Number of protein chains: 2
Amino acid sequence: MDADAEARRGHDDFLERVAGVLREEGFTGTPAPELPVVSFQHPDKLQAQLRLGLGDAVADEDELLALVREVARASVRTGHRHFYNQLYGGADPFGVAGAWVTEALNTSQYTFEVAPAFTLVEHEVIRHCLAKVGFPNGDGIFTPGGSVANMYGMVAARYKAFPRVKTDGVRALPPLAVFTSDDSHYSVMKGAHWLGLGTSSVVKVATDQHGRMLAGELRDAILAARRDGRQPCMVNATVGTTVLGAVDPLGEVADVCQELGVWMHVDACWGGSLILSARHAPRLAGLARADSVSWNPHKMLGAPLQCSVFLVRQPGLLHRCNAAAAEYLFQQDKFYDVSWDTGDKSVQCGRKVDAFKLWLMWKARGDQGLGALVDNAVACASYFQSRVRDTEGFRLVSEALDCTNVCFWYIPKRLRGQKEDEQWWGQVAAVAPTVKERMALAGTLLVGYCPLPHKGHVNFFRMLTTCHPPPRTEDMDLVIGEVQRLAEL
Amino acid sequence: MDADAEARRGHDDFLERVAGVLREEGFTGTPAPELPVVSFQHPDKLQAQLRLGLGDAVADEDELLALVREVARASVRTGHRHFYNQLYGGADPFGVAGAWVTEALNTSQYTFEVAPAFTLVEHEVIRHCLAKVGFPNGDGIFTPGGSVANMYGMVAARYKAFPRVKTDGVRALPPLAVFTSDDSHYSVMKGAHWLGLGTSSVVKVATDQHGRMLAGELRDAILAARRDGRQPCMVNATVGTTVLGAVDPLGEVADVCQELGVWMHVDACWGGSLILSARHAPRLAGLARADSVSWNPHKMLGAPLQCSVFLVRQPGLLHRCNAAAAEYLFQQDKFYDVSWDTGDKSVQCGRKVDAFKLWLMWKARGDQGLGALVDNAVACASYFQSRVRDTEGFRLVSEALDCTNVCFWYIPKRLRGQKEDEQWWGQVAAVAPTVKERMALAGTLLVGYCPLPHKGHVNFFRMLTTCHPPPRTEDMDLVIGEVQRLAEL
């Protein structure tokens, strides 16, 4: 190949042209309500339609732009104001801008040497997060998602209790037990498998009807594990469970952890953003007593995926726990202060720069601006909850509103006023999947659904709001109307 | 807050303005050789200079653009043609375009439901990678970096040998042993800690002078571990060691693994891109006999960070190993074919879309175009090696050239022709850090350095080439000249 020609080519305008396609297709700029959330096609049909194949063929820039347009049109518009399907929604436009910067600057977060400004940015964002959480002397690191952040918590807890685990492994330790609520996220189970504890080491603690961990049950479970010869290693409390959005009683959990000397990790991946709201932060009282916290600004707050932070109260622990001291990367004879090199705190080597987009969002909006976006999301969820409560055919799964999750059944007219026996609930269970299919085919909105078997709940809808695009009460009304319309078709 | 106003605001032009700043500052578009690789400042000074602080203040769009410009100017230009500091370099402009698309579309890779097109794109990219590697019926997943990909390998190997590890943990297994060369990446050690095996479970196998694992030593080590009552769980062979760029003798390693029935994982994070070159792929003969492979297209190939793929020969294993079957996300009563949902193969839950940027690069360049970029990188490395061999004062650390790493000492004039005793080597050891500081302060180039204590090597330079921007022989000449100039200042 002609390296000179390729080097000179530079593809100067291609990025701008791609940006233009994204805007034309409504993925950047002002949200366009007339566009569908999704133009659903089944996998086999979409696979046949998209020109996916890789091989010898070479596409020129015009063809590449056409491919980008095809893929965009076949994608779900997560930035549509009626995308309510996941624990994330639209991206903050300032966050997207920050993400574009880090993609263009393409570096790894591991050393100050190759990421001087980003190292300082990450340091500042973590410092500010630590202040919000209440770990003024703590430490932290950005991680690729909340599941990995929760693994950081489990690894830190284990190392703190048994530093020899690093060299000698789990076989050298007593049997360990990890405690988490039966409404908590599955990452605790996946982490227990990966980290060599095994899923049977996870003790599921009962929750109340709203999904909040029962601290008394937790205490009993810890004592029972001890009696069985198992060493309690970590309690995982949740701020914002995946389905019901429950916030565990952090103060009560902290009391138990303190009394019994167990590491308290808080999975605040979903609900951690409430800390930014002066009005709703009190729901998280007790968070400052935790030993470690996971928080995903890419969820409620709308930082582009991935943006997760792991915070730990004790300074120095993260480095001691994870360091391998590789001499090729973390040379100690460098000419600058190498204590700024963050890479050896991480289980990763190369690490994507995830802090900058959040920093830019924070710069753009300030503490109060971010808090106002959270307030607005909660206010709309509260309004939606009241609509569910007051509208015929709708039934709340829980009266609580800890985060922005509002779970509900829709009872079609044909099922109302009947005896609510097992068969009846079986028919209700079929409503959500059917309506969901109609949602996807209509493209007017997307709302998730699921059952909660351990609570005896058949399929219900999980509505939720996030910060972007900022939801409005009229949007909530539309959801009520569309669920009715699609269910009664 | 006024949700309507914020929603209408849309920040329509901000992204375009940010793209403009990136271009003006030379981070996109044709590389500008007159710009420095870095305008180095020490951490405390840079911290005082950048307006990092987060809090109540709110920046308007003009101020945000000024902040972006400041951060960019304080960053290392990894796309500069004289950035040779890491196992990555500049990003492929088509890759950056793909990354911008996925950032704007902001979704998670876990279900077809929210990532229909990206699910199919990932499927196609993995299919094509599997064909290249020689696992036609295999499976794979994109992971956040090579260290995590290598952990996937260790987890799969362990699960394949002992499925009960998932529930019962490592304590229920015999003591395990993992084998890797003494030149291999530290992620094997970090993985052994995280996964509960402990770093003492890792057996370091000796390498030859070029850094290639000695298969006879591997065989002896496995047999010795068995005699000690340890169960050999995985051999990690390396294609492209971090420092010397060595490729382990994959065929010989495969023979040992086959004979002794041990899982063979190949860490091809750095050197895996050679598979795309018809000329250099034969160096990887034996790769198709592995059980699993990690490959980082974000390294030599220039996909933007992060872009790592884990590939496994056996179909179905990845899902069985990692699935948690969470009913809120992977509902089995969805209206489409849920076998397309990839999320339960992953240890992550939310998962960034990392496949699309590589897909777009592959579409733009085709197999042969990517192969030609690899050929060019290797050819320039070979030319550089010959310049080192033939230039007074330069001395190769290894005569091999398995990847594009060319490691060398520079002996300043004042040290030439002397007795090469311990004291003399001590003076040579100080050359690289000193020159490195001068590089950073001059901003003309960045080349890494490190020692290899287990081989008795004091600090040396690690030069290497990547695909972007495509290196030229004149660039290699400049490196020779600059090292001489800066060392003799």
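Residues numbered from 1 in each chain as written. Chains lettered and ligands numbered in written order. Predicted model: local features only at pLDDT ≥ 70, side-chain atom pairs only at ≥ 80, totals over all residues. Heavy atoms only, no water.

## Let's talk about the confidence of the model for chain A
For chain A, mean pLDDT is 96; residues scoring 70 or higher make up 98% of the total. What the predictor reports for the complex is a pTM of 0.97 with an ipTM of 0.97. (pLDDT = per-residue confidence, 0-100.)

## Considerations on the interface of chain B and chain A
Taken together, the 168 residues of chain B in the interface contact 168 residues of chain A. Between chain B and chain A, a total of about 14,700 Å² is buried, with carbon and sulfur atoms accounting for 64% of that surface. Of all residues in chain B, Leu54(B), Trp194(B) and Phe335(B) bury the most surface against chain A, accounting for 7% of the area lost on that side. The interface formed by chain B and chain A includes eight salt bridges. Asp344(B) is paired through a salt bridge with Lys190(A); the nearest N and O atoms lie 2.9 Å apart. For the pair chain B and chain A, the number of links is 71 residue pairs in polar contact (both at pLDDT 80 or more). Broken down by element, the residue count for the side of chain B that touches chain A peaks at 14 residues, all from helix 13 (residues 355-390) of chain B. (Contact = heavy atoms within 4.5 Å. Buried area = accessible area lost by both parts, 1.4 Å probe. Salt bridge = Lys/Arg side-chain N within 4 Å of Asp/Glu carboxyl O. Polar contact = N/O pair within 3.5 Å; in protein donor to acceptor, adjacent residues only side chain to side chain. Helix = DSSP H or I, 4+ residues; strand = E, 2+ residues; numbered from the N terminus.)

## Remarks on the relation of the copies chain B and chain A
Both copies of the chain are tied together by a single rotation about an axis and a shift running along it. Between chain B and chain A, which share one sequence, the superposing operator has a rotation angle of 180° and an axial displacement of 0.0 Å; the RMSD is 0.0 Å. Such a combination of rotation and displacement between the chain copies is what one expects of a two-fold axis. Residue Leu195(B), judged by its C-alpha, is the member of chain B lying nearest the rotation axis, at 2.0 Å. Most of the interface of chain B is mirrored in chain A, where 100% of its interface residues again form contacts. (Least-squares fit on C-alpha atoms with pLDDT ≥ 70 in both.)

## Overview of the UniProt feature "modified residue: N6-(pyridoxal phosphate)lysine" (unreviewed entry) in chain A
Residue and element names in this part refer to chain A. Residues annotated by UniProt as "modified residue: N6-(pyridoxal phosphate)lysine" (unreviewed entry) correspond here to Lys299. Position of Lys299 among the secondary structure elements: in the loop between strand 7 (292-295) and strand 8 (308-312). Residues within four places of Lys299 in sequence aside, it is in contact with Leu87, Tyr88, Cys269, Trp270 and Thr466. (UniProt positions renumbered as here; feature names shortened; annotations may be inferred.)

## Some thoughts on the pairing of strand 11 (residues 446-452) of chain B
Within a regular beta strand, the side chains point alternately toward one face of the sheet and then the other, so they alternate between its two faces. All names here are of chain B. Where burial is concerned, most of strand 11 is hidden: seven out of the seven residues are buried. Across the two faces of strand 11 the burial is the same, with Leu446, Gly448, Cys450 and Leu452 and Val447, Tyr449 and Pro451 all buried. The sheet contact formed by strand 1 (residues 83-84) and strand 11 spans two bridges and is parallel. By the bridge assignment for strand 11, Tyr84 is matched with Val447. Two strands pair when backbone bridges link them, and strand 11 and strand 12 (residues 457-463) are joined in this way by four bridges, in the antiparallel orientation. Bridged to Leu452 within strand 12 is His457. In textbook terms, the turn of a hairpin is the stretch between consecutive antiparallel strands, and for strand 11 and strand 12 this stretch comprises four residues, one of which, Gly456, has a positive phi near 75°. (Buried < 20%, exposed > 50% of the residue type's maximum accessible area, 1.4 Å probe, protein only. Pairing = 2+ DSSP bridges.)

## Points about the pattern of salt bridges
Residues and elements named next belong to chain A. This structure, assessed with the given rule, holds 64 salt bridges over all chains. When the shortest N-O distance is used, the salt bridge between Arg219 and Glu259 registers 2.6 Å. In this pair, Arg219 is assigned in helix 10 (residues 215-227) and Glu259 in helix 11 (residues 250-260), connecting sequence segments 40 residues apart. Accessibility expressed as a relative area gives 31% for Arg219, which makes it partly exposed. Linked by salt bridges that have partners in common, Glu24, Glu25, Arg69 and Arg73 make up one network.

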